[in-house]
Amino acid sequence: MSGPLVVLVGPMGVGKSTVGELLAGLLSTGYRDTDADVVAAAGKPIPEIFFDEGEEHFRTLERQAVHTALAEHTGVLSLGGGAVLDDTTRALLAGHPVVYLSMDVEEAVRRVGLNTARPLLAVNPRRQWRELMEARRHLYTEVARATVATDGRTPEEVAHAVLDALELPERGDGPAAPGQEKTRMTEQAPIRIPIAGSAGTEPYEVLVGRQLLGELPTLIGDRAKRVAVLHPEALAETGEAVRQDLADQGYEAIAIQLPNAEEAKTAEVAAYCWKALGQTGFTRTDVIVGVGGGATTDVAGFVAATWLRGVRWIAVPTTVLGMVDAAVGGKTGINTAEGKNLVGAFHPPAGVLCDLAALDSLPVHDYVSGMAEVIKAGFIADPVILDLVEADPEGARTPTGAHTAELIERAIRVKAEVVSGDLKESGPREVLNYGHTLAHAIEKNERYKWRHGAAVSVGMVFAAELGRLAGRLDDATADRHRTVLASVGLPLTYRGDQWPRLLETMKVDKKSRGDLLRFIVLDGLAKPTVLEGPDPAVLLAAYGEVSA
């Protein structure tokens, strides 16, 4: 029978793509993935297909993709985790060299982690995994000529085991160079970015990677008996998944649902959280976990700072903004009618888990909004960020971009270096507020309906023009703000008739001293400085450059 040399089946997260590409190298042939074929045919990611058209429509597309690939492809082919559910597909697989890649439930949860893009693992990962496997295991074994366990093996070891099972000879060296360090399929080591302790606070780490859920119990520790998982309404399923996972490991875990976005950052919401902690009997050895975007981690940190005068907390940011800004540095706070973040505390977390898998299902506007903070880090400290965005602006708009991990890591390192030396914003940390003075005024003026990153984008263009008009910043760098921000789809202007109201709001900004307005501007690329008391005419002229 003509067709693929190898067909890989197995559950989501087992490593079919990684092993498949290695096999293709070893066999000197091509690799194909039916999930990728479905995405190409539908023009949208798989989670969006599930959400927009439902699972039945996805299975129809998947069946067509498998039929076509089995007929056309002569190399290594991997199928989606649920492809074997279809009777027609199982019949088509008869006679083909199918290998079932298996793994146990604990390893499955570690690999899948917080990936909300897995539409069938949205609530309790362990329970859902067991239910899925009960329904599918016999189907995998039914269609497979051989079964290869992946537990505790490297991708290279699994690939060679597949060749042995099918008695296929190697034809090439594969993509891995001889002697290359192997990465275990169970857990690829995350990037660890240290944050130094100061002013009596403990040092901690920001972890960046995928499948980081397994790190949470280590950060919580043995002293804690109770854990409160704070999450927004939009992440109810993810919050419950984390809560259940912690409960399964012996903690008394509760979930506290918050309103979405900035609506969570109120005294009323904080009081609601305090009540829940009191009713649960939360003590000083217990731990709060904030799962969500920047607003959620702001509230989680503030509640942790104020309950019993300070309990430990862990940030699990699920947005770009949360990862590169809100969750790092220990600034916590809520909003009032008078302004943003005017009530708060400096209370660093015990750790931050930036699971990049959580970004896979983030709406594009939220993802792009977070890029404003990444680009800010480029202008104030790390110009390589700007180079990466300019090299691939479309890639910078999506978590699947070639430079996503590097952009996020670099932005976090910028903030880590600054906050390690200035916890309470008494000096150098002010530079992180580049573009934020006007941005916070815009957000208040819009009753916090504007995305933070959109406001920061306009604020950075304003700050660049202010620096240019004050004779601080060269034309090329000022103009570069517009081109870089626009290239990823961020706004550059705001309503011109709102200047008087914005000016009044900026006068109560946290960086102001008395009646003296203070702005962060650039003396040049990666050279931030403070501009105090600029001429009102210069301020107005700078705002004219961003007025719509």
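Residues numbered from 1 in each chain as written. Predicted model: local features only at pLDDT ≥ 70, side-chain atom pairs only at ≥ 80, totals over all residues. Heavy atoms only, no water.

Draft legend 1. Just helix α2 (residues 34–42), in detail. Near the N-terminus of α2, the side chain that reaches the backbone nitrogen of D35, with its oxygen 2.8 Å away, is that of D33. Phi turns positive, to about 75°, at G43, one or two residues after α2. (Polar contact = N/O pair within 3.5 Å; in protein donor to acceptor, adjacent residues only side chain to side chain. Helix = DSSP H or I, 4+ residues; strand = E, 2+ residues; numbered from the N terminus.)

Draft legend 2. Quick look at the sheet that holds strand β2 (residues 31–33). On the basis of which strands lie adjacent, the open sheet formed by five strands has the order β2-β3-β1-β4-β5 and parallel pairing. Looking along the sheet, the strands with just one partner apiece sit at the ends: β2 and β5 (146–149). Strand after strand, the sheet turns through a mean of 25° between neighbouring axes, direction not considered. Two elements, strand β4 (residues 98–102) and β5, share four bridges in a ladder whose sense is parallel. Of the residues in β5, the one forming a bridge with Y100 is T147. (Pairing = 2+ DSSP bridges. Axes fitted to C-alpha atoms, helices over the stretch in contact; angles between N-to-C directions.)

Draft legend 3. Seen up close, helix α18 (residues 452–469). End to end, α18 covers 25 Å across 18 residues, agreeing with the expected 26 Å (1.5 Å per residue, within 8%). With respect to burial, α18 is a largely interior element, 16 of its 18 residues being buried. A positive phi of about 75° marks G471, the residue just after α18. (Expected span 1.5 Å × (residues − 1). Buried < 20%, exposed > 50% of the residue type's maximum accessible area, 1.4 Å probe, protein only.)

Draft legend 4. The arrangement of the packing of α18 against helix α21 (residues 536–544) in detail. Running from amino to carboxyl end, α18 crosses α21 at an angle of 130°, the nearest separation of the two axes being 8 Å. Judged by the inter-axis angle, α18 sits oblique to α21. α18 and α21 meet at a crossing whose hand is right-handed. Across the interface between the two elements, F462, E465, L466 and L469 of α18 pack against V538, L539, A541, A542 and Y543 of α21. Looking at the contact of α18 with α21, its residues break down into eight nonpolar, no polar and one charged. (Parallel < 35°, antiparallel > 145°, perpendicular 65-115°, else oblique. Left-handed = near helix turned anticlockwise from the far one by under 90°. Contact = heavy atoms within 4.5 Å. Nonpolar A, V, L, I, M, F, W, Y, C, P; charged D, E, K, R; others polar.)

Draft legend 5. Region of the structure containing unusual backbone geometry. Its identity as a non-glycine residue notwithstanding, E167 has a phi of 55°, on the positive side. Relative to the elements of secondary structure, E167 occurs in the loop between α8 (155–166) and β6 (191–195). Not every positive phi belongs to a glycine, and N341 is a case in point at roughly 60°. Positionally, N341 belongs in strand β13 (residues 339–346).

Draft legend 6. Expanded view of the nonpolar core. Grouped together as the largest cluster of nonpolar side chains are 97 residues, with contacts concentrated most on V206, I288, I375, I412, Y434 and F462. Discounting residues that sit within four places of it in the chain, Y434 has contacts with K376, F379, I380, V456, M460, A463, A464, H481, I520, V521 and L522. (Core = buried A, V, L, I, M, F, W, Y, C linked by side-chain atoms within 4.5 Å.)

Draft legend 7. Expanded view of the packing of aromatic side chains. All told, the structure shown has seven aromatic pairs when counted by the stated rule. Chaining the aromatic ring pairs together yields one cluster made of F462, W499, F519 and Y543. (Phe/Tyr/Trp six-rings, centres within 6.5 Å; stacked < 30°, edge-to-face > 60°.)

Draft legend 8. Structural context of the side chain of K265. When you line up the elements, K265 lands in the loop between β9 (252–258) and α11 (267–280). A polar contact of 2.7 Å, which involves the side chain of K265, links it to the side chain of D298. Within the structure, K265 has its side chain in polar contact with the side chain of N341 (distance 2.6 Å).

Draft legend 9. Here's a closer look at the sheet that holds strand β14 (residues 351–355). The mixed open sheet is built from seven strands, whose spatial order is β6-β7-β14-β11-β10-β8-β9. In this open sheet, the two edge strands, each paired with only one partner strand, are β6 and β9. Averaged over all neighbouring strand pairs, the angle between strand axes comes to 15°, with direction disregarded. Inspection of the sheet shows strand β8 (residues 226–232) paired to β9 by seven bridges, in the parallel sense. Within β9, the position partnered with H231 by the bridge is Q257. Docked against the sheet, helix α10 (residues 236–248) engages β8, β9 and β10 (287–292), running at close to 170° with respect to β8. This element, α11, spans β8, β9 and β10 of the sheet and lies at about 165° to β9.

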